[in-house]
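# Results of the structural survey
For reference, the chains in residue letters:
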Amino acid sequence: MQEGGFSRTQWWIWGGILVVLVALSLVPLLLPHFHGAEYSDAEVIDFALPRADGGTFHLSDHRGDVVVLYFGYTQCPDVCPTTLMDLHRTMEELEARAEDVTVAFVTVDPARDTPEKMVDYLRYFDPSFIGLYGEPDELQRVYDLFSVTVLAENQTANGYGLAHTTSTFVIDRNGRLRLKMHYGAKPGEMTDDLKILLRERGS
Amino acid sequence: MKRVWWVVFVCAALVLSACNAGSDLPEGITVEEAWIRPAPMGGGVAAGYMTIRNGGPGDDALIGARAEFASEVQVHESIVQDDIAVMRPVEAIPVPAGGTVLLEPGGYHLMLMDVQEGIEFGETVTITLIFENAGEVQIQAEARRP
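So, here's what we can say about the structure. (Residues numbered from 1 in each chain as written. Chains lettered and ligands numbered in written order. Predicted model: local features only at pLDDT ≥ 70, side-chain atom pairs only at ≥ 80, totals over all residues. Heavy atoms only, no water.)

### Things to note about the overall build of chain B
When you go through chain B residue by residue, the secondary structure sums to one helix and ten strands. Starting at the N terminus and ending at the C terminus, chain B contains elements arranged as α-β-β-β-β-β-β-β-β-β-β. Taking all 146 residues of chain B together, 42% fall into the buried category. Considering only contacts within chain B whose residues lie at least 6 apart along the sequence, 66% involve residues at least 24 apart. Accessible surface, chain B: about 7,800 Å² in total, of which carbon and sulfur atoms supply 53%. (Helix = DSSP H or I, 4+ residues; strand = E, 2+ residues; numbered from the N terminus. Buried < 20%, exposed > 50% of the residue type's maximum accessible area, 1.4 Å probe, protein only. Contact = heavy atoms within 4.5 Å. Areas by Shrake-Rupley, 256 points an atom, 1.4 Å probe, with all protein chains shown as cover.)

Next comes the structure, spelled out in structure tokens:
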């Protein structure tokens, strides 16, 4: 028996515990973490909307892909183009991996956004972006799935402006709503988040 | 020796004229880094962005604009609050004396309506800004893919 202080064995035990604790505290830093706000992984109820370039978009047809949804309108000169340009950059940064990403732009202005306008508008940003339109009630059902708000706003010279949700929604390969990216996310953050989701396997 | 004095005289004249050119700017308003994001399609809307500096002694405000390539230009502001984007026309963007105002994505911007088709990236377009005190200021803005 030693008097007072730690024995050699006690040093080893306490030292070992300390090392393990430090290592454990570092684990979260090593695990992939998202920039976007995470959801509870709920599966998105399947929906179908007409595609601006013809045919019908069924969410379930894109199982296995990461699906990025953005809600906007073609008469929006500032916020929507900023987000769409960022998404285009993300697709470029993903290079070959972008093949597994579907980006869809859902109109919040069915009265003015004709399919032809949407095709022209989206081609300008990225030819792979899909425009979705439809009757106001069928669009509303999709807005509701994502808690998207659309409000008719004040008059502008070309009619009216619309107030609308600016976030981008990301659905994983298994059809689960995973992320909500806020407007103004730094360039590259979306790319980082999509890379993590693309590494996951679809079931 | 005479020649040296000539050189000094010419240099002084150049410096003075440069100073004059500076003070010729309307009420000290200068615009830098002006660019537009061209409309994705003919008849579409485009946004104009820039940095406005007021080097003059008095406050001023941007109250309007026009451009030949657009049917109308409005001064707008985007506000993103609680995840909702609202865009509204504003009557004036104040440019205080000695101050700088940014027109940038997601904030103040020019909204150019019914824009002519075929503006290429890299092309320069002319926009006339209208200030409360400085009056009209013509600027060149580059069409960019930001």
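### Considering the sheet that holds strand β1 (residues 37-38) of chain A
Residues and elements named next belong to chain A. Spatially, the six strands line up as an open sheet ordered β1-β10-β9-β4-β5-β6, and their pairing is mixed. With partners counted over all chains shown, the strands left at the sheet margins are β1 and β6 (130-132), one partner each. Sheet topology places strand β4 (residues 66-72) next to strand β5 (residues 101-107); seven bridges connect them, and they run parallel. Bridging across to β5, Gly72 finds its partner in Thr107. (Pairing = 2+ DSSP bridges.)

### Here we look at the interface of chain B and chain A
Listed by partner, the interface residues are 31 residues for chain B and 33 residues for chain A. Here chain B and chain A share an interface that buries about 2,400 Å² over both sides, 60% of which is from carbon and sulfur atoms. When the buried area of chain B at its contact with chain A is split by residue, Pro40, Met41 and Asp83 of chain B rank highest and sum to 25% of it. Viewed at the interface, chain A and chain B are joined by one salt bridge. (Buried area = accessible area lost by both parts, 1.4 Å probe. Salt bridge = Lys/Arg side-chain N within 4 Å of Asp/Glu carboxyl O.)

### Overview of the packing of aromatic side chains
Tallied over the entire structure, the rule returns twelve aromatic pairs over all chains. Between Trp35 of chain B and Tyr49 of chain B, the aromatic rings sit 4.6 Å apart at their centres with planes inclined by 40°, giving tilted as the arrangement. On the criterion of sequence distance, the pair formed by Trp35 of chain B in strand β1 (residues 29-37) and Tyr49 of chain B in strand β2 (residues 46-54) is long-range, its members being 14 residues apart. A network of ring pairs unites the aromatic residues Phe47, Phe57, Phe71, Tyr143, Phe146 and Phe169 of chain A as a single cluster. (Phe/Tyr/Trp six-rings, centres within 6.5 Å; stacked < 30°, edge-to-face > 60°.)

### A closer look at the pattern of salt bridges
Per the counting criterion, the structure on display carries 14 salt bridges over all chains. Between Arg66 of chain B and Glu136 of chain B there is a salt bridge whose closest N-O contact spans 2.9 Å. With Arg66 of chain B in strand β3 (residues 60-66) and Glu136 of chain B in strand β10 (residues 135-143), the pair connects residues that are 70 residues apart, well separated along the chain. We classify Arg66 of chain B as partly exposed; its relative accessible area is 42%. Linked through salt bridges whose partners overlap, the residues forming this network are Asp172, Arg176, Arg178 and Glu200 of chain A.

### Description of the side chain of His62 of chain A
All names here are of chain A. Structurally, His62 is set in the loop between β3 (56-58) and β4. Residue classification places His62 among the buried positions, given a relative accessible area of 15%. With residues up to four places along the chain from it excluded, the contact list for His62 reads Phe57, Val67 and Thr102.

### Structural notes on the packing of helix α2 (residues 79-94) of chain A against helix α3 (residues 115-125) of chain A
Residues and elements named next belong to chain A. Interhelical geometry of α2 versus α3 gives an angle of 50° and a closest axis separation of 9 Å. Relative to α3, the element α2 lies oblique. Residues Cys80, Pro81, Leu84, Met85 and His88 of α2 form the contact with α3, whose own contacting residues are Tyr121, Leu122, Tyr124 and Phe125. Grouping the constituent residues of the contact of α2 with α3 by class yields eight nonpolar, one polar and no charged. (Axes fitted to C-alpha atoms, helices over the stretch in contact; angles between N-to-C directions. Parallel < 35°, antiparallel > 145°, perpendicular 65-115°, else oblique. Nonpolar A, V, L, I, M, F, W, Y, C, P; charged D, E, K, R; others polar.)

### Looking at the packing of α2 of chain A against helix α5 (residues 189-199) of chain A
Any two packed helices are characterised by the angle at which their axes cross and by the distance between the axes. Residues and elements named next belong to chain A. The N-to-C vectors of α2 and α5 enclose an angle of 50°; their axes lie 9 Å apart at closest approach. Classified by the angle their axes make, α2 and α5 are oblique. As α2 packs across α5, the resulting crossing turns out to be right-handed. From α2, Leu87, Thr90, Glu93 and Leu94 reach across to α5, where they touch Met190, Thr191, Leu194, Lys195 and Leu198. (Left-handed = near helix turned anticlockwise from the far one by under 90°.)

### Considerations on the side chain of Thr107 of chain A
Residue and element names in this part refer to chain A. The topology assignment puts Thr107 in strand β5. With relative accessibility at 0%, the residue Thr107 sits in the buried group. Here the side chain of Thr107 touches Asp113 through a polar contact of 2.6 Å, side chain to side chain. (Polar contact = N/O pair within 3.5 Å; in protein donor to acceptor, adjacent residues only side chain to side chain.)

### Some points on a nonpolar patch on the surface
A contiguous nonpolar surface patch, about 1,000 Å² in accessible area, is contributed by Phe6, Trp11, Ile13, Trp14, Ile17, Val20, Leu21, Leu24, Val27 and Leu31 of chain A. Overall, the relative accessible area of 54% leaves Leu24 of chain A in the exposed class. (Patch = residues over 30% accessible without salt bridge, like charges linked within 9 Å, V, L, I, M, F, W, Y side chains within 5 Å.)

Coordinates in, geometry out; function isn't part of it.
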